[in-house]
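Read off the chains here:
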Amino acid sequence: MCPAAVARVDIRHLYDLGTGICEVRAPDYEYEAVGKRHVLEPFTVAALIEYLPYRLKPADGVHTFITVQGGGALDSGYPNLIIRQMAATHTSLAQHTPAVTTDAIAHTGYWDGPSG
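Residues numbered from 1 in each chain as written. Predicted model: local features only at pLDDT ≥ 70, side-chain atom pairs only at ≥ 80, totals over all residues. Heavy atoms only, no water.

### Observations regarding the side chain of Asp10
In step 1: Inspection of the secondary structure puts Asp10 in the loop between helix 1 (3-7) and strand 1 (14-16).
In step 2: At a separation of 2.5 Å, a polar atom in the side chain of Asp10 contacts the side chain of Arg12.
In step 3: Here Asp10 is in contact with His63 and Thr64, once residues within four sequence places are set aside. (Helix = DSSP H or I, 4+ residues; strand = E, 2+ residues; numbered from the N terminus. Polar contact = N/O pair within 3.5 Å; in protein donor to acceptor, adjacent residues only side chain to side chain. Contact = heavy atoms within 4.5 Å.)

### A short note on a nonpolar patch on the surface
In step 1: Together, Tyr78, Leu81, Ile82 and Met86 make up a nonpolar patch on the protein surface, roughly 360 Å² of accessible area in all.
In step 2: Checked against the element boundaries, Met86 lands in helix 3 (residues 78-87).
In step 3: In this structure Met86 comes out as exposed when scored by relative accessible area, which is 53%. (Patch = residues over 30% accessible without salt bridge, like charges linked within 9 Å, V, L, I, M, F, W, Y side chains within 5 Å. Areas by Shrake-Rupley, 256 points an atom, 1.4 Å probe, with all protein chains shown as cover. Salt bridge = Lys/Arg side-chain N within 4 Å of Asp/Glu carboxyl O. Buried < 20%, exposed > 50% of the residue type's maximum accessible area, 1.4 Å probe, protein only.)

### Side note on the pattern of salt bridges
In step 1: Scanning all chains against the criterion turns up two salt bridges.
In step 2: Between Glu23 and Arg37 there is a salt bridge, with the nearest N and O atoms lying 2.9 Å from each other. Of this pair, Glu23 sits in strand 2 (residues 22-27) while Arg37 sits in strand 3 (residues 34-40), and the two are 14 residues apart along the sequence.
In step 3: Among the residues examined, Glu23 registers a relative accessible area of 12% and is labelled buried.

### A word on the packing of aromatic side chains
In step 1: Tallied over the entire structure, the rule returns one aromatic pair.
In step 2: For the pair Tyr51 and Phe65, a centre-to-centre distance of 5.1 Å together with 50 degrees between the ring planes defines the contact as tilted. Placement of the pair is Tyr51 in helix 2 (residues 42-51) and Phe65 in the loop between helix 2 and helix 3, with a sequence separation of 14 residues.
In step 3: Classification of Tyr51 by relative accessible area gives partly exposed; the value is 25%. (Phe/Tyr/Trp six-rings, centres within 6.5 Å; stacked < 30°, edge-to-face > 60°.)

### With respect to the side chain of Glu23
In step 1: For Glu23, the side chain forms a polar contact with the side chain of Arg37, separated by 2.9 Å.
In step 2: Setting aside residues no more than four positions away along its own chain, Glu23 makes contact with His13, Leu14, Tyr15, Leu17, Arg37, His38, Val39 and Leu40.

### Observations concerning the nonpolar core
In step 1: Core analysis: the biggest nonpolar cluster contains seven residues, these being Val9, Cys22, Val24, Leu40, Val45, Leu48 and Phe65.
In step 2: Those residues within four positions of Cys22 in sequence are excluded, and the remaining contacts are Leu14, Tyr15, Asp16, Leu17, His38, Val39, Leu40 and Val45. (Core = buried A, V, L, I, M, F, W, Y, C linked by side-chain atoms within 4.5 Å.)

### Some points on helix 3
Since there are 3.6 residues in each turn of an α-helix, residues three or four apart along the chain are aligned in direction.
In step 1: For helix 3, the complete set of buried residues consists of Pro79, Ile83 and Ala87. End-on, the buried residues of helix 3 take up no more than an arc of 70 degrees, which puts them together on one face. (Arc of directions from axis to C-beta.)

### Points about the environment of Cys22
In step 1: Inspection of the secondary structure assignment puts Cys22 in strand 2.
In step 2: You can call Cys22 buried: its relative accessible area is 8%.
In step 3: A C-alpha to C-alpha distance of 7.8 Å links Cys22 and Pro42, two positions 20 residues apart in sequence.

### Details of the confidence of the model for the chain
In step 1: Scored by pLDDT, the chain comes out at a mean of 78, with 80% of its residues at no less than 70.
In step 2: Taken element by element, the chain is modelled with least confidence in helix 5 (residues 102-108), mean pLDDT 69, and with most confidence in strand 1, mean pLDDT 85. (pLDDT = per-residue confidence, 0-100.)

Shown next, in the form of structure tokens:
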């Protein structure tokens, strides 16, 4: 799931399977409907559980998982803005073509959870 889609995840479509694994349905960009199913591994689920008590209270009618000050939804372009700002501080990344994006990092990054 691309970072822009993560920014738009609807908390009503996050399903705890009761096994330490959750699944989430990605938002469908075209119809704002429930899209492809993604399984979240225990490491990610643990991070979500830790995040929930700190999640900003959503405004009425806001159901995105990630909220911002005031309870609004996180703009899906914001993660790319942050990455572009970070990349701009490094000479070779700032000049990289195509530009470094959250998707590029998500698809090339190496993720390793704690053992056990």
